[in-house]
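Understanding the architecture of this molecule
The primary structure of each chain is shown beneath.
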Amino acid sequence: MITATHYLVLSACLFGIGAVGVMVRKNLITLLLSIELMLNAVNLNLIAFSHQWGDMLGQVFAIFVMAVAAGEAAIGLGIITAIYRNRGTVEADQVRGMEG
Amino acid sequence: MTVILPAILLAAAGLLLLLLRLVNLKRDGVALGVALGGLAAAALALALIRPPAWGLPYFDGTVTLDPAGFFLQFVVFGATALVLLLSWDYIREGGWGMTEYAALLLLATVGMVFLIISTDFLSLYVGLETMALASYVLAGYARGEGRSFEAAMKYFVLGAFSSAVLLYGISLIYGATGTLNLIETARLLPTPPGKLYLAGMVMVACGMLFKVAAVPFHLWTPDVYQGAPTPITAFFSIGPKAAAFAAFLRIFSTAFGTTAREWSILLGLACVLTMVAGNLMAIVQDNVKRMLAYSSIGSAGFVLLGLLAQNTWGATGVLYYLFAYLFAITGAFSVVLFLKTKEYGGERVDDFRGLSRRHPWIAFAMLVFLLSLIGVPGTAGFVGKFFLFGGAIQGGFILPAVIGILMSAVSAWYFFRLVVNMYIAPEEPETERRGWPVVLAVGVCVAGTILFGLWPMAVTRFLLETPLLAR
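Structure report, in brief.

**A look at the overall build of chain B**
Within chain B, the regular secondary structure consists of 19 helices and 2 strands. Its C-alpha atoms give chain B a radius of gyration of 21 Å, within 12% of the compact-globule value 23 Å for 471 residues. Over its C-alpha atoms, taken along the principal directions, chain B stretches across nearly 65 × 55 × 40 Å. Out of the 471 residues belonging to chain B, those deemed buried represent 67%. For chain B, restricting intrachain contacts to residue pairs at least 6 apart in sequence, the fraction spanning at least 24 positions comes to 80%. Here chain B displays about 15400 Å² of accessible surface, and carbon together with sulfur accounts for 70% of that area.

**Looking at the interface of chain B and chain A**
Tallying the contact residues gives 39 residues for chain B and 43 residues for chain A. Carbon and sulfur atoms supply 77% of the area buried between chain B and chain A, which totals about 3600 Å² over both sides. When residues of chain B are sorted by the area they lose upon contact with chain A, F161(B), Y168(B) and Y174(B) head the list and together hold 18% of the total. Summed over the shared surface of chain B and chain A, the result is 1 salt bridge. A salt bridge links R87(A) to E150(B); the shortest N-O distance between them is 4.0 Å.

**Focus: the environment of G227(B)**
Turning to its location among the elements, G227(B) is positioned in helix 9 (residues 220-227). Classification of G227(B) as buried rests on a relative accessible area of 2%.

**Thoughts on a nonpolar patch on the surface**
All names here are of chain B. Taken together, the side chains of W361, F364, V420, Y423, I424, I450, L451, L454, W455 and M457 make up a nonpolar region of the molecular surface, amounting to roughly 1100 Å² of accessible area. Counting residues per element, the ones that place at least two in the nonpolar patch are helix 15 (360-374), helix 17 (398-423) and helix 18 (436-454). Looking at the nonpolar patch, the element that brings in the most residues is helix 18, giving 3 residues. Within the fold, I424 resides in the loop between helix 17 and helix 18. I424 sits in the exposed class, given a relative accessible area of 63%.

**Describing the packing of helix 2 (residues 28-53) of chain A against helix 6 (residues 146-177) of chain B**
Contact pair helix 2 of chain A / helix 6 of chain B: the axes reach a minimum separation of 9 Å and the direction vectors enclose 15°. As judged from the angle between their axes, helix 2 of chain A and helix 6 of chain B are roughly parallel. Handedness of the helix 2 of chain A/helix 6 of chain B crossing: left-handed.

**Let's talk about the packing of helix 3 (residues 67-94) of chain B against helix 4 (residues 98-117) of chain B**
Residue and element names in this part refer to chain B. With their axes 10 Å apart at the nearest point, helix 3 and helix 4 run at an angle of 165° to one another. Comparing their axes, helix 4 and helix 3 come out roughly antiparallel. For the crossing formed where helix 3 meets helix 4, the hand is right-handed. For the pair formed by helix 3 and helix 4, the contact residues are G69, L72, Q73, V76, F77, T80, V83, L84, S87, W88 and I91 on the first element and M98, Y101, A102, L105, L106, T109, M112, V113, I116 and I117 on the second. Residue composition of the contact of helix 3 with helix 4, grouped by class: 16 nonpolar, 5 polar and no charged.

**Considering the pattern of salt bridges**
Residue and element names in this part refer to chain B. In total, this model carries 12 salt bridges over all chains according to the counting rule given. In this structure, the salt-bridge partner of K154 is E150, at a minimum N-O distance of 3.2 Å. You can see K154 and its partner E150 sitting in helix 6, 4 residues apart, about one turn around the helix. On the basis of relative accessibility, which here comes to 12%, the residue K154 falls in the buried class. The class of E150 is buried, set by a relative accessible area of 0%.

**Some remarks on the packing of aromatic side chains**
All names here are of chain B. On inspection of all chains with the given rule, the structure shows 34 aromatic pairs over all chains. Taking 6.1 Å as the distance between ring centres and 75° as the angle between the ring planes, the aromatic pair formed by F161 and F210 counts as edge-to-face. Separated by 49 residues along the polypeptide, F161 in helix 6 and F210 in helix 8 (residues 195-211) bring together distant segments of the chain. Relative to F387, the ring of W313 lies with its centre 5.0 Å away and its plane at 70°, an arrangement referred to as edge-to-face. Taken as a pair, W313 in helix 13 (residues 312-338) and F387 in helix 16 (residues 380-394) lie far apart in primary sequence, 74 residues in all. For W313, a relative accessible area of 27% puts it in the partly exposed group. For R143, the ring lying beneath its charged end belongs to Y141, and the centroid distance is 5.6 Å.

**Some details on the nonpolar core**
One finds F61(A), F248(B), F252(B), F256(B) and F352(B) to be the most contacted residues of the largest nonpolar core, which totals 222 residues. Considering every element that reaches this core, the biggest residue donor is helix 13 of chain B, with 19 residues. Setting aside anything within four residues of it in sequence, one finds F252(B) in contact with M201(B), V204(B), A205(B), G257(B), W263(B), L267(B), L307(B) and Q310(B).

About the cut-offs
- Residues numbered from 1 in each chain as written.
- Chains lettered and ligands numbered in written order.
- Predicted model: local features only at pLDDT ≥ 70, side-chain atom pairs only at ≥ 80, totals over all residues.
- Heavy atoms only, no water.
- Helix = DSSP H or I, 4+ residues; strand = E, 2+ residues; numbered from the N terminus.
- Rg over C-alpha atoms; globule rule 2.2 N^0.38 Å.
- Buried < 20%, exposed > 50% of the residue type's maximum accessible area, 1.4 Å probe, protein only.
- Contact = heavy atoms within 4.5 Å.
- Areas by Shrake-Rupley, 256 points an atom, 1.4 Å probe, with all protein chains shown as cover.
- Buried area = accessible area lost by both parts, 1.4 Å probe.
- Salt bridge = Lys/Arg side-chain N within 4 Å of Asp/Glu carboxyl O.
- Patch = residues over 30% accessible without salt bridge, like charges linked within 9 Å, V, L, I, M, F, W, Y side chains within 5 Å.
- Axes fitted to C-alpha atoms, helices over the stretch in contact; angles between N-to-C directions.
- Parallel < 35°, antiparallel > 145°, perpendicular 65-115°, else oblique.
- Left-handed = near helix turned anticlockwise from the far one by under 90°.
- Nonpolar A, V, L, I, M, F, W, Y, C, P; charged D, E, K, R; others polar.
- Phe/Tyr/Trp six-rings, centres within 6.5 Å; stacked < 30°, edge-to-face > 60°.
- Lys NZ or Arg CZ within 6 Å of the ring centre and 35° of its normal.
- Core = buried A, V, L, I, M, F, W, Y, C linked by side-chain atoms within 4.5 Å.

Printed below as a string of structure tokens:
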């Protein structure tokens, strides 16, 4: 029997991998992937709880999260493209120009 | 329908601007006119809607109109209108085009409106992202300027990261209560609060602290504020921040209100750290944009004080302080823009030398804004801080209030460096002449700061007489 707790553990793992990815990786594309992983962990949670409570709103929320994630990816890739044209690199630590 | 009419009008104006771009009607003046017209129509619609009572649920309980939401919508409309005026010279000199810029600002404002009026996690999240996605693009709008792209990238990565943390928290709260509605959440919270709820609450708090740039989640702020185009920096420091504080207030005092004992330790710590770190870091800055960025981190700490207080004075203080901050910070950034020359001139503290002799009125305006940011009596900033500190003391948060007052004194120290440069230091070369929109924005900000400082009753009577938040 798979309960909401199992899904919660899986989503916590996914979220953790994503969060660590954002903190340690320097490649901007990888950062974007890590953020997507975190959002998918959220979706998994929402759907598991939606099933547990017998409430559709959680699934509706998951679809909204996917739609927003698509918009976010579009803008993120746009910014990364602009940076690549401007600096010739997508490594976060080579982009820094300002102090601090 | 009537509750979201202002948002509909703004979205229509924003889409109209994109349409104008499509048919190649790219006159900057037309864009500015359409955007300001849209904002005026939205503000008029908001002023004319009189709901039968404050705080009724609309659209199945997803949005509401209560005094706090009503008031803060005017604040964000004012912020967007002032920022549009400030942008006129900046955007035209850069040749970046007003049309899309104005459209993005209006669409961000639509997001802010929903962030302010939502009483449901779903519409709150969609409003937050509408605002954030437009803001990421605006941060990088100065095409070709490396530091603008860098600001956009930092803002994007950390903004998306904090949204994900916030969302994860929301999903845990949903798991604990089975509802996404903020008012229902308050009713369905398990007592005593379970682990699932506590974990969710902490993550929501972290996500919101990120959005309002509070310590320890403030590291993105100075770089983003310095790198973004200056009008957009002014926008970030009041518009999205005011909207995020509205949501913050609504989530923590409406939805999580019954567990105030659990979260007040967490937020109290963040509040004190934010006030101290923001104001102390501002002392060592030589770039005025960075100095104002750190000072705005410190201000977020002051606002958190009102949130912590959990009483009428605290909530009134949050709203009034944000209102006063609108005039003071936008005014300060418009003076920075007024002084702008090629190659980031006008941004260093030294660029303010001798300003009182070159432009006595602009120097006087800057003095008024700085006094309001410090919180000197007679300015709107004082009234805001008066309610914030008063509310905190009433609520029993004596130590944070005392630290806040001390930190206001620290802010006087670094702001007086600017004042000394303006009034005492010897003269520097002439700056370029600026168009009327920037001067108009400075004038409006001075008038607002002094008027609402000397006559706060105009606003406080409305704020104090009704319960501010829908419950």
